[in-house]
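Working through the structure, step by step
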Amino acid sequence: MKRYSAFAIAREAARYHTGWERAWRSPEPKSHYDVIIIGAGGHGLATAYYLGKNYGITNVAVIEKGWLGGGNTGRNTTIIRSNYLQDPSAAIYEKARSLYETMSQDLNYNVMFSPRGVIMLAQTEHEIRGYQRTAHANALQGVKTEWIGPERVKQLVPIIELSGPRYPVLGGLWQSRGGTARHDAVAWGYARACSDMGMDIIQQCEVTGIDKSGGNVTGIQTTKGAIKCNKLGMVVAGNSGHLADMAGFRLPLESVALQALVSEPIKPCMDVVVMANTVHGYMSQSDKGEMVIGGGTDGFNNYTQRGSFHHLEETVRALIETFPMISRLKMLRHWGGIVDVTGDRSPIIGTTPVGNCYINCGWGTGGFKAIPGSGWAMAEVIATGEPQGLAAEFGLNRFQEGRFIDESVAAGVAH
Amino acid sequence: MLILTCPNCGIAADETELHADGQAHITRHGAGASDDDLEEYLFMRNNPKGVHFERWRHVYGCGKWFHAARCTMTLEVFGTYPAQTLEPPKDLVAKIKKKRPDWEGFVK
């Protein structure tokens with residue numbers, strides 16, 4: 001792999017850009033791999049990358065039914081933060097956030113991580129207490145967040161209307177090291193680095209069956225034929241239930257649609273990410289100038305990658321009260337992703353009832369920010385075969401044992 | 001916009017008038033149940049790509065509960081039926097089977 005650098009740009013400029021390589025290879029599948037990862041989204045590719053980088057396991061295939069990063073990795077609002085309440089959550093999200101800080105250098109691929117800061121607005125008395133509690137929890141967890149008053153909110157976000165008629169802004173939880181990143185670049189950067197380590201990324205290849213022998217996974221059936229493996233990792237978000245069905249176990253998940261939209265580009269007006277959880281909307285401004293807006297999930301199971309219009313209406317209505325200047329913006333694009341939601345709104349990472357089969361799912365509405373931490377934790381589980389490290393608390397058995405990692409109270413909205 | 005006909009009051013209500021409440025026909029295990037049964041009741045869910053049976057409530061209407069059969073891939077509604085039953089009506093199952101020959105049938 002030729003490294004990207006300022007020198008490379010100069011070199012290619014001098015020869016009419018004829019020397020750029022493809023960022024990753026698209027090989028036909030081999031008959032056997034040490035590890036197969038199903039799902040070439042951010043989480044799947046990050047898992048493969050850290051298997052290679054941290055454990056030296058590079059005989060790996062990443063199988064994707066569509067195209068790379070075409071699921072929720074390309075369908076989110078790119079927010080990165082780690083201000084969670086529970087210790088296991090704060091640990092894995094903070095690991096992810098810290099890995100984002102050095103990701104461009106690690107991958108030699110510009111993921112445009114922008115630590116512009118994230119504010120979660122408090123608009124009720126209950127939220128004030130909740131966020132102050134989170135700030136204290138974060139201090140103990142080593143995650144830098146702080147409670148700020150309305151004057152500081154206004155200073156950080158001049159376009160905000162503090163004295164809304166129903167939900168005035170009473171303060172906020174501020175994480176100055178949170179921010180955004182270029183979501184596609186995260187998938188592309190990992191894919192390029194995985195391919196460079198000799199891993200095969202196989203797109204347009206749907207898994208149609210899972211082969212087992214004596215309770216252990218031995219391989220998979222795909223639209224490009226059968227592939228054998230020693231270990232199998234399922235990292236497919238909304239389609240996890242469908243895949244678990246093939247493997248013969250059940251998951252405590254429901255798949256629902258989560259929506260987002262972007263406006264026409266405008267001049268820079270807001271350089272932080274603002275989340276308003278009571279009125280249920282969040283907004284940031286992309287590098288192109290578009291206002292990126294996140295909405296809510298539908299209440300019913302849905303695999304259509306589009307959601308109900310009334311949720312958009314509710315989100316936009318709430319944001320217009322909070323940011324009156326956006327009221328005349330035209331919306332350019334709107335999309336939906338299928339998110340897999342668990343009972344406690346925390347992910348599942350770990351072993352499954354099937355031997356040599358590992359799962360990483362249930363990130364619900366907050367998966368993008370977790371990509372590097374999730375891959376790091378999942379790689380450790382697959383490499384060692386044990387649910388340990390960052391993943392230790394996130395096992396599938398926690399529902400039976402009552403060890404919930406309850407983020408539904410702390411962040412029970414789309415995030 | 002998803003539109004379901006409430007079998008209790010007969011009104012074709014759109015989803016803003018309704019509240020979805022997840023998988024229907026769940027066995028509600030109580031005190032003395034095994035850990036497996038309680039986990040199944042509280043957390044495990046069918047999450048099919050395709051035919052799904054759900055509980056709904058006509059919250060901004062008659063207020064009554066009912067069941068719906070719906071496709072999660074196309075949002076097609078196969079039908080609605082009263083909540084006072086342990087499984088979907090046979091004629092509805094037959095109708096779905098006709099439209100979706102590959103469907104494995106109702107699984108509790």
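Residues numbered from 1 in each chain as written. Chains lettered and ligands numbered in written order. Predicted model: local features only at pLDDT ≥ 70, side-chain atom pairs only at ≥ 80, totals over all residues. Heavy atoms only, no water.

Here we look at the domain arrangement of chain A
Residues and elements named next belong to chain A. Along its sequence, chain A is organised into domain 1 (6-78 + 183-252 + 344-406) and domain 2 (112-180 + 255-342). Placing a centre on the C-alpha atoms of domain 1 and another on those of domain 2 gives a separation of 29 Å. Residue-level contacts link 21 residues of domain 1 with 20 residues of domain 2. For the interface between domain 1 and domain 2, the tally reads zero salt bridges. Counting across the domain 1 and domain 2 interface gives 10 residue pairs in polar contact (both at pLDDT 80 or more). Class assignment of the residues belonging to the side of domain 1 that touches domain 2 gives a composition of six nonpolar, 11 polar and four charged. (Domains from an automatic or database assignment. Contact = heavy atoms within 4.5 Å. Salt bridge = Lys/Arg side-chain N within 4 Å of Asp/Glu carboxyl O. Polar contact = N/O pair within 3.5 Å; in protein donor to acceptor, adjacent residues only side chain to side chain. Nonpolar A, V, L, I, M, F, W, Y, C, P; charged D, E, K, R; others polar.)

Section: the sheet that holds strand S6 (residues 77-82) of chain B
Residue and element names in this part refer to chain B. If you trace the four strands from one edge of the open sheet to the other, you get S3-S4-S5-S6, paired in antiparallel fashion. Where the open sheet ends on each side, the last strands, each with one partner, are strand S3 (19-23) and S6. Taking the axes of each pair of neighbouring strands and ignoring which way they run, one obtains an average angle of 30 degrees across the sheet. In terms of strand pairing, strand S5 (residues 65-71) meets S6 through five bridges, oriented antiparallel. Bridge pairing links Phe66 to Pro82 in S6. Strand contacts of helix H2 (residues 90-99): strand S4 (51-57), S5 and S6, with the helix running at about 170 degrees to S6, the strand carrying the most contacts. (Pairing = 2+ DSSP bridges. Helix = DSSP H or I, 4+ residues; strand = E, 2+ residues; numbered from the N terminus. Axes fitted to C-alpha atoms, helices over the stretch in contact; angles between N-to-C directions.)

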